[in-house]
Number of protein chains: 2
Amino acid sequence: MIEVGINGYGTIGKRVADAVDNQPDMCIVGVSKRTPDHEADTAIDRGFELYAPDSETEVTFTAHDLPVAGTVETLIADSDIVIDATPAGVGAENAPRYERTETPVVFQGGEDATIAPTSFCARSNYEETVGQTATRVVSCNTTGLARLLSPLDDQFGVESVDCTLIRRGGDPTQSDRGPINDIVPDPVTVPSHHAPDLRTVLPSVDVMTKGVTVPATLMHLHSLTVCLDGEPTADTVTTCLDNESRIELVASAHGRDSCADLRESAHDRGRQRGDVWENCVWAESITVDGQQLSLLQAVHQQADVVPENVDAIRALASATDAQTSRQLTNDALGVGLDSPIA
Amino acid sequence: MIEVGINGYGTIGKRVADAVDNQPDMCIVGVSKRTPDHEADTAIDRGFELYAPDSETEVTFTAHDLPVAGTVETLIADSDIVIDATPAGVGAENAPRYERTETPVVFQGGEDATIAPTSFCARSNYEETVGQTATRVVSCNTTGLARLLSPLDDQFGVESVDCTLIRRGGDPTQSDRGPINDIVPDPVTVPSHHAPDLRTVLPSVDVMTKGVTVPATLMHLHSLTVCLDGEPTADTVTTCLDNESRIELVASAHGRDSCADLRESAHDRGRQRGDVWENCVWAESITVDGQQLSLLQAVHQQADVVPENVDAIRALASATDAQTSRQLTNDALGVGLDSPIA
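By convention here, each chain's residues receive numbers from 1 onward along its written sequence. Chain letters and ligand numbers both follow the written order, the letters beginning at A and the numbers at 1. Local features are withheld for residues below a pLDDT of 70 in this predicted model, meaning they are given only at 70 or higher, and side-chain atom pairs are given and counted only at 80 or more; totals for whole chains, interfaces and linings count all residues. The side-chain values count all of the structure's non-hydrogen atoms but skip hydrogen atoms and water molecules.

Digging into the packing of helix α1 (residues 11-21) of chain B against helix α11 (residues 306-316) of chain B
The description of two packed helices rests on the angle between their axes and on the distance between the axes. Residues and elements named next belong to chain B. Axis lines are fitted through C-alpha atoms, for helices just across the contact stretch, and the angle between N-to-C directions can take any value from 0 to 180 degrees. Helix and strand definitions here come from DSSP, where helices need a minimum of 4 consecutive H or I residues and strands a minimum of 2 consecutive E residues; each element is numbered from the N-terminal end. Packing of α1 against α11 brings their axes to within 9 Å, and their N-to-C directions diverge by 60 degrees. Classified by the interaxial angle, the pair formed by α1 and α11 is oblique. In the packing of α1 onto α11, the handedness of the crossing is right-handed. Listed contacts from α11 to Ile 12, Arg 15, Val 16, Ala 19 and Val 20 of α1 are Val 306, Asn 309, Val 310 and Ile 313. For this classification, Asp, Glu, Lys and Arg are treated as charged, while Ala, Val, Leu, Ile, Met, Phe, Trp, Tyr, Cys and Pro are nonpolar and the rest, including Gly, are polar. When the residues that make up the contact of α1 with α11 are grouped by side-chain class, the tally is seven nonpolar, one polar and one charged. Oblique is the label for any angle not covered by the other classes, which are roughly parallel (under 35 degrees), roughly antiparallel (over 145) and roughly perpendicular (65 to 115). Left-handed describes a crossing in which the near helix is turned anticlockwise from the far one by less than a right angle; the clockwise case is right-handed. We call two residues in contact whenever any of their non-hydrogen atoms come within 4.5 Å of each other.

Observations regarding the pattern of salt bridges
Note on definitions: salt bridges are taken to be side-chain nitrogens of Lys or Arg within 4 Å of carboxyl oxygens of Asp or Glu. In the structure shown here, the tally under the stated rule is 40 salt bridges over all chains. A salt bridge links B:Arg15 to B:Asp275; the shortest N-O distance between them is 2.9 Å. Residue B:Arg15 is located in helix α1, and its partner B:Asp275 is located in the loop between α10 (259-268) and β14 (279-282); the two are separated by 260 residues in the primary sequence. Here B:Arg15 and B:Asp275 have matching classes, each one buried. Across the salt bridge formed by B:Lys33 and B:Glu39, the nearest N and O atoms sit 3.4 Å from each other. You can call B:Glu39 buried: its relative accessible area is 14%. It is possible to trace a salt-bridge network through shared partners that takes in A:Asp25, A:Arg147, A:Arg246, A:Glu308, A:Asp311 and A:Arg314. Buried means the residue's accessible area, taken with a 1.4 Å probe over protein chains only, is under 20% of the maximum for its type, while exposed means over 50%, and partly exposed covers the values in between.

Describing α1(B)
All names here are of chain B. For α1, the buried fraction is high: nine of the eleven residues fall into the buried class. Listed as buried for α1 are Ile 12, Gly 13, Lys 14, Arg 15, Val 16, Ala 17, Asp 18, Ala 19 and Val 20. The inward-facing, buried residues of α1 contact β1 (2-7), β2 (26-32), α2 (38-45), β5 (81-84), α11 and α12 (322-333).

Details of the interface of chain B and chain A
Contact with chain B, which involves 37 residues of that partner, is made by 37 residues of chain A. In total, about 3,100 Å² of surface goes out of reach between chain B and chain A, with carbon and sulfur atoms giving 63% of it. Buried area: the sum, over both parts, of the accessible surface (1.4 Å probe) that disappears when the two are put together. Per-residue buried area on chain B facing chain A is highest for B:Asn181, B:Ile183 and B:Val188; these three make up 20% of the total on that side. Between chain B and chain A we count zero salt bridges in total. Contributing elements (two or more residues each) for the side of chain B that touches chain A: β9 (158-168), β10 (184-185), β11 (206-214), β12 (220-228), α10 and β16 (292-299) of chain B. Top contributing element to the side of chain B that touches chain A by residue count: β11(B), with five residues. Residues of the side of chain B that touches chain A, tallied by class, amount to 20 nonpolar, twelve polar and five charged.

Let's talk about the domain arrangement of chain A
Residues and elements named next belong to chain A. Domain ranges listed in this record stem from an automatic or a database domain assignment. When cut into domains, chain A gives domain 1 (2-138 + 305-333) and domain 2 (140-299). Between domain 1 and domain 2, the C-alpha centre-to-centre distance is 26 Å. Counting residues at the interface gives 25 residues for domain 1 and 20 residues for domain 2. Each partner contributes to the roughly 1,900 Å² buried at the junction of domain 1 and domain 2, and carbon and sulfur atoms together form 44% of this total. It is Arg 15, Arg 123 and Val 138 that lose the most area in domain 1 upon contact with domain 2, and together they represent 30% of the buried surface on that side. Counting the contacts that link domain 1 with domain 2 gives nine salt bridges. The shortest N-O distance in the salt bridge between Asp 154 and Arg 123 comes to 3.0 Å. Of all the elements in the fold, those that place two or more residues in the side of domain 1 that touches domain 2 are α1 (11-21), β7 (118-120), α6 (122-129), β8 (134-137), α11 (306-316) and α12 (322-333). For the side of domain 1 that touches domain 2, the residue count by class is ten nonpolar, six polar and nine charged.

A few points about the UniProt feature "active site" (unreviewed entry) in chain A
Residues and elements named next belong to chain A. UniProt positions are given in the numbering used here, feature names are shortened, and annotations may be inferred rather than shown by experiment. In this structure's numbering, the residues bearing the UniProt feature "active site" (unreviewed entry) are Cys 140. For Cys 140, the position within the fold is in helix α7 (residues 140-155). On the accessibility criterion, Cys 140 (14% relative accessible area) is buried. Once residues lying within four places of it in the same chain are set aside, the contact partners of Cys 140 are His 220, Val 299, Gln 301, Asp 304 and Val 305.

Concerning the environment of A:Leu165
Residue and element names in this part refer to chain A. Here Leu 165 lies in strand β9 (residues 158-168). You can call Leu 165 buried: its relative accessible area is 0%. Put simply, Leu 165 and Gly 211 are 46 residues apart on the chain and 4.8 Å apart in space, counted from C-alpha to C-alpha. Not counting residues within four places of it along the chain, the set of residues in contact with Leu 165 comprises Asn 141, Ser 192, His 194, Thr 209, Lys 210, Gly 211, Val 212, Leu 221 and His 222.

Notes on the packing of aromatic side chains
Residues and elements named next belong to chain A. Think of it this way: a Phe, Tyr or Trp ring, Trp meaning its six-membered ring, pairs with another when their centres are within 6.5 Å, and the plane angle makes it stacked under 30 degrees, edge-to-face over 60, tilted otherwise. Scanning the model with the defined rule gives six aromatic pairs over all chains in all. Summarising the aromatic geometry, the rings of Tyr 98 and Phe 107 are spaced 5.8 Å apart at their centres and angled 70 degrees between planes, so their arrangement reads as edge-to-face. For the pair Tyr 98 and Phe 107, one class covers both residues: buried. Judged by centre distance (5.9 Å) and plane angle (55 degrees), the rings of Phe 120 and Tyr 126 are tilted. The residues Phe 120 and Tyr 126 share a single accessibility class, namely buried.

Section: the UniProt feature "binding site: NAD(+)" (unreviewed entry) in chain A
Residues and elements named next belong to chain A. The sites that carry the UniProt feature "binding site: NAD(+)" (unreviewed entry) are, in the present numbering, Thr 11, Ile 12, Gly 110, Arg 168 and Gln 301. Looking at where Ile 12 falls in the secondary structure, it is placed in helix α1. Once residues lying within four places of it in the same chain are set aside, the contact partners of Ile 12 are Ala 85, Gln 108, Gln 301, Gln 302, Val 305 and Asn 309. With respect to the element layout, Arg 168 can be found in strand β9. Exposure remark for Arg 168: the relative accessible area of 12% places this residue in the buried category. Not counting chain neighbours up to four residues away, the residues in contact with Arg 168 comprise Gln 174, Arg 177, Thr 213, Val 214, Ala 216, Thr 217, Leu 218, Met 219, His 220 and Gln 301. Polar contact is defined as a pair of N or O atoms within 3.5 Å, subject to the rule that within protein one atom must be able to donate a hydrogen and the other to accept it, and that residues adjacent in sequence are counted only when both atoms are side-chain atoms. There is a polar contact of 3.5 Å between the side chain of Arg 168 and the backbone oxygen of Gly 170.

Notes on the environment of A:Ala85
All names here are of chain A. Mapped onto the secondary structure, Ala 85 falls in the loop between β5 (81-84) and α5 (90-101). Distance in space between the C-alpha atoms of Ala 85 and Gln 108 is 6.2 Å, their sequence separation being 23 residues. Contacts of Ala 85, omitting those with residues within four sequence positions, involve Asn 7, Gly 8, Ile 12, Gly 13 and Gln 108.

Quick look at unusual backbone geometry
In most cases, non-glycine residues show a negative phi, while peptide bonds are predominantly trans. In this chain, A:Asp186 is followed by A:Pro187 through a cis amide linkage whose omega measures 0 degrees. Relative to the helices and strands, A:Pro187 is located in the loop between β10 (184-185) and α8 (194-199). In the segment running from A:Val190 into A:Pro191, the intervening peptide bond is cis, with an omega of 0 degrees. When you line up the elements, A:Pro191 lands in the loop between β10 and α8. Positioned with a positive phi, B:Asp65 is a non-glycine residue whose angle comes to about 60 degrees. Within the secondary structure layout, B:Asp65 lies in the loop between α3 (55-63) and β4 (70-71). Looking at B:Asp65, the relative accessible area reads 71%, which means it is exposed. Positive phi values are uncommon outside glycine, yet B:Glu102 reaches one of about 55 degrees. Tracing the sequence through the fold places B:Glu102 in the loop between α5 (90-101) and β6 (105-107). Exposure remark for B:Glu102: the relative accessible area of 68% places this residue in the exposed category.

Below, the structure written as structure tokens:
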């Protein structure tokens, strides 16, 4: 069993904790939390040991009747591998702690690419991370792009990519964010940071990205044009994507018209938090004109990196190869929007 | 003076009526309205004669103390040229009425392209409409694309265009429309109708369009990649666009960060209804990599076709050439977001 510590039990950390807890070859040492809030209650109720940032914070937790197993230093020392799911930038502050104890660590996409020897997407470059001391799972949007482009590049060759990312303004609980009734160039400069970020896991692909933020909280939506080396039919491309376990072909004709429909499906299928781990590609949008492939896909910003974090643990632990890890992760989570209801 | 009748005094009709009323070479015969609502009050208060669809409706207007000058048949017969700004599809029903009286007519972009011998964007193909019996001003999004691509094609040559349209869900008063907190492929099939529509005014340009609708009401936003024949610098492209009277270069650095900022500017500058007649291209977004030009622009769906309708009147009336008409229209309206406050 790989013993995993979760440093940061927020949007990503709590999801990865549950996913790790469900894996046959992993267990949770504990989770760390800065504030004694309802998420801390949930951690305790799920049976996870709670760790505080320092002995001072420990006191505020015990004052709230929340038992604390120790400080983050102990959590790190007692873990085989740590998931650092702290807010963007805090991972960089934490880096020396992991180095001190020589604990391999998975950072998140909010950190700069230089934080770790590799950046990670299981479908694109799992092998590069095997045996490393640290890696960084790329952000939700970059993960969505890498998962889509890797199989296209493998099967057809990708000459260039042009993607407009229609970005959700914030997660549902981020009430301090906007926009309200506006469409915002974000960033106004071109390309957005997604293009260079994608190159950290798929260096060979020539990619242009532009970002626009809108008043929605459920998912991001990508509008893509991909110039392929060959001229496949739309059916061949559809089959290629359909063979990918973390790509779901969704049909507007089947009532999955929008991001809200995709999340509703996930809730209906009994998924915890209504999470959608897969890229959702609209089948009707897949269009090929010569070498130009066009399509629309949605990615769930809170969830798509979760299986990647699990795979990153196995890569750092040199536990299995990519194919085996991805299969283990998928099976344990129940990846596939139409897979049997748990 | 060209005597103009406005058939349909709604979102577009009321704006075109005011714009026509401000032209030195045009006057308003009257406007037609189906319902005796607050917009009818405004028409009367602006000094426009009110026409009812038929004698039956005339009674409901007089019952609301709204004086009616006659029916639409009379309005059409008494006008040199009619603007048909009725809801999409109603223009087609009205077409035989204009043919009967041989009154030249300007239809709107909601109608099928086959409704008139030409489709119209003043910057792209004014001359084709000179002396015709009817034309169709293309829709707000298509107008925005044609205005941008025509000068680029003239100066550099355009090989191909890829555009994602992030569409506003509805106009501010369309409370029955959505989406709320969602991002919706609209349409889910590729290309959207904008690509074939653009070819009605710019047949030589190879264009791909994809549409996505979001919870916003203020403007549409276009994310464009244009493959040019040459390899100009970003500065050369910027100068080319800056020379266009109906393209406004806006700067995020100058506080115009979003669609809401653009509308706020228009309100601040004293523009009626806060209308933005110009394409607003974000200066910071203009990026050239080899032949590939990328940029972001916003278009105000209620307003950008207004100057085009005015020019279409002069084209049908064979009144002036394109350059003269556009200048007259611009001067009368005060086109240019930084032009002196009226």
